[in-house]
Amino acid sequence: MKGRVLVLGGDGYLGWPTAMHLSRRGYRVAVVDNFAKRNWEQEVGVEPLFPIPTLHERVRAWREVSENEIELHVGDLTDYRFVESIFQSFRPDAIVHYGEQPSAPYSMIDVRTAGYTQYNNVIGNLNVLFAMRDLAPDSHLVKLGTMGEYGTPDIDIEEGYLTVQHNGREHTFLYPKTPGSLYHLSKVHDSHNIHFATRIWKLRATDLNQGVVYGVETDESALDDRLATSFHYDEVFGTALNRFCVQAVAGEPLTVYGKGGQTRGYLNIRDTVQCVELAVKNPADAGELRVYNQFTEQFSVKELAEKVRTAAEQLGMSPKVINAPNPRIELEEHYYNAKHSKLLDLGLEPHYLGEELIDSMLEKIERYKERINRNQLVMGVKWSPTGAVKAPPSADIDPPTRERVPVAVGDKTPA
Ligand code: USQ
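This structure is a prediction, so every number in the text was calculated from the model and none was measured.

Observations regarding the environment of Glu100
Structurally, the position occupied by Glu100 is in the loop between β4 (94-97) and α5 (104-107). Owing to a relative accessible area of 6%, Glu100 belongs among the buried residues under this scheme. Expressed as a C-alpha distance, the spacing of Glu100 and Val44, which sit 56 residues apart in the sequence, is 17 Å. Beyond its immediate stretch of four places on either side in the chain, Glu100 contacts Trp40, Asn120, Asn121, Asn125, Lys143, Lys187 and Asp190. A polar contact of 3.5 Å, which involves the side chain of Glu100, links it to the side chain of His97.

Here it is, written out as structure tokens:
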């Protein structure tokens, strides 16, 4: 047995594949989840593309398929008593923390979803830090942060830290953050709290600033349909490339927001599980916060959509790429150069985004085409209700192809 790893958020798009990956490689794994994601799905009215059995059923299926056990704990990370009880019973060597609200659009719906996102993410993470301090001071936190914490500054993005010379003196700070949503901002708060905990309590932590993840499966999820991961294509939980592939299969336009020069780091879901394993294998020292920029390639959304268009055309589809009005407030043309060498130095072997890979995504999505709900593709979450979201010059803009369905949450009725 290599060690005991607690995977927080083990029911999610990345948490479940990570749990299986580590379990198959000889780690003793326990997953924790409160099924909040399944509630948010119901709240905004969306469903993952592939049918996802309950986590209890997935754990049973994993035992049957792999002959490995994954322990399951159900509870809420914002409840300290619960977190304490898991640390006492499981005694983790490493904690892989995915257990947060992961959607930028969800955090921007209204004050309730924004407040929920920040409370849920920041307090859950803080509870984990306290449990480590008091119950597992030698354990290693592997925390999923995001490249979006940095935003799109007009200088190179370093891997975690920036050395500043000022008035003849020099100091190294956590790299300054200018995130573009209240979700991304929640992860900035987490990073600062983790930095504090490593400095003051001498905890060990690695912050994985992950780019946008794409992909439909990992080696483990492909073993059996019951082990499928929770793949979203809707406007709230779906991410760029995954959405473009589903749009192509559905015969809907690929929605590049605005001018499409928004550039981000991207990685395959198979590389996410590889990176997390590398981080677990190489724990930070006591008092150290390691920061890795976890992505393998950078693309603009326009480039991504064109890649999907080309691959889809080869398969006989005829997708159209449109410049849809941007519901977000973000730079649509900007400098972007983010360093990302530390995980490669540890041995990461990237799966780059080639046509073959997009083909395999399109083919798998095609098998589930009947489950695609077109109403989920454009849902009308805006960064500002006041019309501050400006459409780019009309000449290169196609009108949205379908009316946006306003998202209603909590006790609000649709506008
Ligand atoms: N975009 C489009 N068309 C679409 C959807 C998105 O042009 O149909 C654009 C967005 O405007 C944005 C870029 O694509 O400029 C990326 O958006 P996204 O929805 O793929 O990803 P994002 O909201 O940034 O968040 C996702 C995950 C989040 C993770 C983050 C990594 O949901 O959990 O932290 O990717 S990163 O983007 O590096 O911050």
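Quick notes on helix α8 (residues 240-250)
Given 3.6 residues to a turn, an α-helix orients residues that are three or four positions apart in the same direction. A large share of α8 lies buried, amounting to 11 of its 11 residues. Buried residues of α8: Ala240, Leu241, Asn242, Arg243, Phe244, Cys245, Val246, Gln247, Ala248, Val249 and Ala250, and no others. Buried residues belonging to α8 abut β9 (212-214), β10 (254-257), β11 (263-268), α10 (301-314) and α12 (355-367). In the stretch just after α8, Gly251 is the one whose phi turns positive, near 75 degrees.

Re the sheet that holds β4
Taken together, 7 strands build an open sheet; the order of strands is β3-β2-β1-β4-β5-β8-β12 and the sheet is parallel. The open sheet has two edge strands with one neighbour each: β3 (70-74) and β12 (289-294). Looking at each pair of strands side by side, their axes are set apart by 20 degrees on average, direction ignored. With 5 bridges joining them, strand β1 (residues 4-8) and strand β2 (residues 28-33) adopt parallel strand pairing.

Side note on the side chain of Glu277
On the secondary structure map, Glu277 appears in helix α9 (residues 269-281). We classify Glu277 as buried; its relative accessible area is 9%. In this structure Glu277 touches Lys2, His21, Leu22, Arg25 and Tyr27, once residues within four positions along its chain are discounted.

Considerations on the packing of aromatic side chains
Within this structure, the stated rule accounts for 10 aromatic pairs. Arranged with centres 6.0 Å apart and planes meeting at 40 degrees, the rings of Trp40 and Tyr106 form a pair that is tilted. Of this pair, Trp40 sits in helix α2 (residues 36-44) while Tyr106 sits in helix α5, and the two are 66 residues apart along the sequence. Residue Trp40 is classed as buried on the basis of its relative accessible area, which comes to 7%. Summarising the aromatic geometry, the rings of Tyr266 and Phe299 are spaced 6.1 Å apart at their centres and angled 50 degrees between planes, so their arrangement reads as tilted. Placement of Tyr266 in strand β11 and of Phe299 in strand β13 (residues 297-300) is noted, with a sequence separation of 33 residues between them. Phe299 carries the same exposure label as Tyr266, and that label is buried. Of the aromatic side chains, those joined through ring pairs into one cluster are Trp40, Tyr106, Tyr116 and Phe237.

Things to note about unusual backbone geometry
Even without a glycine there, the phi angle at Glu67 is positive, about 60 degrees. In this structure, Glu67 sits in the loop between α3 (55-66) and β3. Its identity as a non-glycine residue notwithstanding, Asn167 has a phi of 50 degrees, on the positive side. In this structure, Asn167 sits in the loop between β6 (161-166) and β7 (169-174).

With respect to the packing of α8 against α12
When two helices pack together, their arrangement is given by the angle between the helix axes and the distance between those axes. Contact geometry for α8 and α12: axes closest at 9 Å, N-to-C directions at 55 degrees. With respect to α12, the axis of α8 lies oblique. Handedness of the crossing formed by α8 with α12: right-handed. Taken together, the residues of α12 that come into contact with α8 (itself represented by Leu241, Asn242, Cys245, Val246, Ala248 and Val249) are Ile358, Met361, Leu362, Ile365 and Glu366. Tallied by class, residues from the contact of α8 with α12 come to 9 nonpolar, 1 polar and 1 charged.

Comments concerning the sheet that holds β11
Read from one edge to the other, the open sheet built from 3 strands follows the order β9-β11-β13, with strand pairing classed as mixed. Here the strands that pair on one side only, and so sit at the sheet edges, are β9 and β13. When strand polarity is set aside, the average angle formed by the axes of neighbouring strands in this sheet is 45 degrees. As paired strands, β11 and β13 are joined by 4 bridges and run antiparallel to one another. Directly across from Arg264, in β13, lies its bridge partner Phe299. Packing of α10 onto the sheet brings it into contact with β11 and β13, and relative to β13 it is tilted by some 90 degrees.

Quick notes on the rules
- Residues numbered from 1 in each chain as written.
- Predicted model: local features only at pLDDT ≥ 70, side-chain atom pairs only at ≥ 80, totals over all residues.
- Heavy atoms only, no water.
- Helix = DSSP H or I, 4+ residues; strand = E, 2+ residues; numbered from the N terminus.
- Buried < 20%, exposed > 50% of the residue type's maximum accessible area, 1.4 Å probe, protein only.
- Contact = heavy atoms within 4.5 Å.
- Polar contact = N/O pair within 3.5 Å; in protein donor to acceptor, adjacent residues only side chain to side chain.
- Pairing = 2+ DSSP bridges.
- Axes fitted to C-alpha atoms, helices over the stretch in contact; angles between N-to-C directions.
- Phe/Tyr/Trp six-rings, centres within 6.5 Å; stacked < 30°, edge-to-face > 60°.
- Parallel < 35°, antiparallel > 145°, perpendicular 65-115°, else oblique.
- Left-handed = near helix turned anticlockwise from the far one by under 90°.
- Nonpolar A, V, L, I, M, F, W, Y, C, P; charged D, E, K, R; others polar.

Interpretation in functional terms is not warranted from these geometric data alone.
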